[in-house]
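Chain by chain, the residues:
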Amino acid sequence: MKAALLLTLALGAATVATAAQAQSRSPAAASQAENRFAASIKPAETFESGPLLVERHGSKGRPVILIPGLASGPWVWQDVIRQFKDEFTLYVVTLPGFDGRPAPAGAPFEGARAALAGLIAQRKLTTPILIGHSLGGTLGYAVAQDLGNRIGGVVALDGLPVFPGTENMPPAQRPQAAQRVRDTMAVNDPNAWAAQQRQYMRGQGVLDIGKADDITPLLLRSDRAAVGAYVADALALDLRPGLEKITAPVLVVAPF
C-alpha cells in the first residue's frame, strides 16, 4: 500500500471524523439546516456479518473497511463514501450496540475484534485497508496484530493502541479503572447522559460548533451501557506490546 494513498484516504476520513469544514456556520444556522450527517448514501449492498451490520459501497478496487468510533454509525463516513466509492470497494461497519444496533453480549471490544476478522474471512477480502476513527482505530491495530500480512494497511484517526492518558498506568490498575467506568454508566441518568454528550460535542468534539447539535442526537441512538462497556474494555487494554506483530503500513493521525 503506497503511503500517498494511505495519506489521501486518511485526509478524506479525517474531514468527516473531526466534522471539520473550511467554512464554519453558526449554531443558529445549523439548527435551520438539514442534518447532513443523518442523510445516508444508498449502499450497493447491506448485510450482516456476525454481530456487525455492514454496508458495501462500490464494487471495484481494493477493499477498504471503515470502522466508526465510539457511539457512531456509518453516517460519520458520508464524505469519504462519496469521494472513494467509485475507486475502492468500501465496507462500512456498525459495531454492536451503536447506532441502534442490539447491545453486544460479553466483552464488546474482543467481540468486535473477532467479528472484523470474520468479515474479512467471510468476504475473502485480500489485504484490506482498515480505517478507523477513535475506538475504530484501536480495533484496526488489534485486527492487524491478529491477521499479520493478511492486512494491507491501517489508518487510525484519533485512535491509539492504549487509552489516552493511561500510558503510564500500571497493568494491575486497568481492570479497576474499567470497572469504575461500568459502574458510572450503570447509574448515569439518561437526561444527564444526553446533556454530557451535547456539552462534549460543543466543547471539543467538533471543530465547527455548528455541527454539534446535528451529531449529538445521532450519538444518542447508541446503547448507553454498550458505550460504557466499550470504554471500559479500551481502558483495560494495552496493545503496545503487540505492535511489532503488525506487518502492514500504519498511518496515525492524532492530536496527542
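These numbers come from a predicted model, not from an experiment.

Turning next to the overall build of the protein. Helices and strands together make up the secondary structure of the protein, namely nine helices and seven strands. For the protein, with 256 residues in total, the buried portion stands at 50%.

Here the focus is helix α9 (residues 224-236). The α-helix advances 3.6 residues per turn, and as a result positions three or four apart in sequence lie on the same side. Here α9 contains 13 residues, and its C-alpha end-to-end distance of 19 Å stays within 8% of the 18 Å for a straight helix at 1.5 Å per residue. Listed as buried for α9 are Ala226, Val227, Gly228, Ala229, Tyr230, Val231, Ala232, Asp233, Ala234 and Leu235. With a side-chain oxygen lying 3.1 Å from the backbone nitrogen of Ala225, the N-terminal cap of α9 falls on Asp223.

With that settled, the discussion passes to the pattern of salt bridges. If you walk through the whole model with that rule in mind, you get 10 salt bridges. Two residues, Glu110 and Arg113, come together in a salt bridge whose shortest N-O distance is 3.2 Å. One end of the pair, Glu110, and the other, Arg113, are both in helix α4 (residues 108-122), three residues apart, so they sit about a helical turn from each other. According to the relative accessible area criterion, Arg113 is buried, its value standing at 13%. A salt bridge links Arg182 to Asp233, with the shortest nitrogen-to-oxygen separation between them at 3.3 Å. Within this pair, whereas Arg182 is found in helix α6 (residues 174-187), its partner Asp233 is found in helix α9, the two being separated by 51 residues in sequence. On the accessibility criterion, Asp233 (13% relative accessible area) is buried. A network of salt bridges, in which partner residues are shared, links Glu45, Arg56 and Arg123.

The rules behind the values
Residues numbered from 1 in each chain as written. Predicted model: local features only at pLDDT ≥ 70, side-chain atom pairs only at ≥ 80, totals over all residues. Heavy atoms only, no water. Helix = DSSP H or I, 4+ residues; strand = E, 2+ residues; numbered from the N terminus. Buried < 20%, exposed > 50% of the residue type's maximum accessible area, 1.4 Å probe, protein only. Expected span 1.5 Å × (residues − 1). Polar contact = N/O pair within 3.5 Å; in protein donor to acceptor, adjacent residues only side chain to side chain. Salt bridge = Lys/Arg side-chain N within 4 Å of Asp/Glu carboxyl O.

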